[in-house]
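# Structure assessment
What follows is each chain in one-letter form.
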Amino acid sequence: MLTILVLFYSRYGSVKQMAQHIARGIESVKGCKARLRTVPPVSATTVDIAPAIPEEGALYATLEDLRTANGLALGSPTRFGNMAAPLKYFLETATPLWLSGELVNKPAAVFSSTASLHGGQETTLLSMMLPLFHLGFMLMGIPYTEPDLNQTTTGGTPYGATHVTGSDGKKPISVEEQRLCFAMGKRLGEITLKLNQLKNTSHEGI
Ligand SMILES: Cc1cc2nc3c(=O)[nH]c(=O)nc-3n(C[C@H](O)[C@H](O)[C@H](O)COP(=O)(O)O)c2cc1C
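Report follows, based on the coordinates. (Residues numbered from 1 in each chain as written. Predicted model: local features only at pLDDT ≥ 70, side-chain atom pairs only at ≥ 80, totals over all residues. Heavy atoms only, no water.)

### So, the site of the ligand
Surrounding the ligand, one finds 16 residues, the nearest of these being Ser10, Arg11, Tyr12, Thr78 and Ser113. In this structure, Tyr12 approaches the ligand through a main-chain N or O atom, which is 2.6 Å from an oxygen atom. When the free accessible area of the ligand is taken as 640 Å², the share hidden by the protein chains comes to 79%. When residues of the shell around the ligand are assigned to their parent elements, the largest contribution, 3 residues, is made by strand β4 (residues 71–79). The residue makeup of the shell around the ligand, split by class, is 5 nonpolar, 9 polar and 2 charged. (Near = heavy atom within 4 Å. Polar contact = N/O pair within 3.5 Å; in protein donor to acceptor, adjacent residues only side chain to side chain. Areas by Shrake-Rupley, 256 points an atom, 1.4 Å probe, with all protein chains shown as cover. Helix = DSSP H or I, 4+ residues; strand = E, 2+ residues; numbered from the N terminus. Nonpolar A, V, L, I, M, F, W, Y, C, P; charged D, E, K, R; others polar.)

### Focus on the nonpolar core
Val6, Ile22, Ile26, Phe111, Ala161 and Met184 are the most contacted members of the largest nonpolar core, which has 26 residues in total. When residues in this core are grouped by element, the largest group, 6 residues, is from helix α1 (residues 14–27). In this view, Met184 contacts Ile22, Ala109, Val110, Phe111, Met140, Ile142, Gly160 and Ala161; residues no more than four positions away in its chain are not counted. Ala61, Leu72, Phe90 and Met128 belong to the second largest nonpolar core, which has 25 residues in total. (Core = buried A, V, L, I, M, F, W, Y, C linked by side-chain atoms within 4.5 Å. Buried < 20%, exposed > 50% of the residue type's maximum accessible area, 1.4 Å probe, protein only. Contact = heavy atoms within 4.5 Å.)

### Some details on the pattern of salt bridges
Should the charged atoms of two oppositely charged side chains come close, the side chains can pair. Taken as a whole, this structure holds 7 salt bridges when the rule is applied. Between Asp148 and Arg179 there is a salt bridge whose closest N-O contact spans 2.8 Å. Residue Asp148 is found in helix α6 (residues 148–151), and its partner Arg179 is found in helix α7 (residues 175–201); the two are separated by 31 residues along the sequence. The class of Asp148 is buried, set by a relative accessible area of 6%. A salt bridge links Lys186 to Glu190; its shortest N-O distance comes to 3.3 Å. Highlighted residues: Lys186 and Glu190, both in helix α7, separated by 4 residues, approximately one helical turn. Because the salt bridges share partners, they merge into one network encompassing Arg35, Arg37 and Asp65. (Salt bridge = Lys/Arg side-chain N within 4 Å of Asp/Glu carboxyl O.)

### Focus: the pairing of strand β1 (residues 2–8)
Here β1 lies mainly inside the structure; 7 of its 7 residues are buried. Residues Leu2, Ile4, Val6 and Phe8 line one face of β1 and the alternating positions Thr3, Leu5 and Leu7 line the opposite face, and both faces are buried. Sheet topology places β1 next to strand β2 (residues 32–38); 7 bridges connect them, and they run parallel. Bridge assignment links Ile4 to a residue of β2, and that residue is Ala34. Running through α1, the crossover from β1 to the neighbouring parallel element β2 is right-handed. Pairing between β1 and β4: 5 bridges, direction parallel. From the neighbouring strand, Ile4 faces β4, where its bridge partner is Gly71. (Pairing = 2+ DSSP bridges. Right-handed = clockwise from strand over helix to strand, strands pointing away.)

Given below as C-alpha cells:
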C-alpha cells in the first residue's frame, strides 16, 4: 500500500475540507491510502506551546510522515498572496531530508483557498511549489482535460485545486471545486502508483 501525505494548514476549515476531498480522490486509486496531517499555528512571541496532540482533527505532521510518504499533497490558505507561515515554518524544519535527498523524485501537488476570486490563488500555489522543488519533489497540476477547469466560476486552476471562501469564509466548496480536488487526488495517486511500479521494475531506480 502506498501512502500519500495530505499535509495542510487550515484556520477556519476550508483547506481542511479540500484536504478531505483530495484524500477521497487518492483513496479511489487501488493501492493508495491518504494520511491527513496538519501543522500547529505559530506565535510571534513564541510563548504559546501547542498541545502535542490537537484537540480535534488530523494529527500534527512529523518529518517522519514526510520521509515515509510516497507522495505529497500540500495545502494552505492564502495569506497576502502567499503560503501561510505555519506551513512554511514546518517545511523549514525539513533540512535533514533536503540534505539526505530522501524526498527526491516523489510526486507532489498543491492546493489553496482565498477569500476573494482574484486574491492570489495562483501566486500562493506557485509559492508553495518553490520549497518543494528544492526538496526534490516532482510537481504536478490539473490538466485541462478536466472539464471543470473550463466551467468553474469560482476556484480551480491548472496549477492545483483551489476554493474561494467569500469574505465571510462561508461559501461552500462548489461542485466544480470539489470535483477538481478529487481529480487532483486521483491523479496524484495514479502517478505515485506508476512511479513506484517503475521503481520496482527498474534496476537503476528513479
Ligand atoms: C493574514 C491573512 C491574510 C490573508 N490574505 C488573503 C489574500 O491575500 N487573498 C485572499 O483572497 N484572502 C486572504 N485571506 C483570507 C484567507 O485566505 C481565507 O480566510 C482562507 O482561505 C480560509 O482558509 P481556512 O478556512 O482553511 O483557514 C487572508 C487571511 C488572513 C488571516
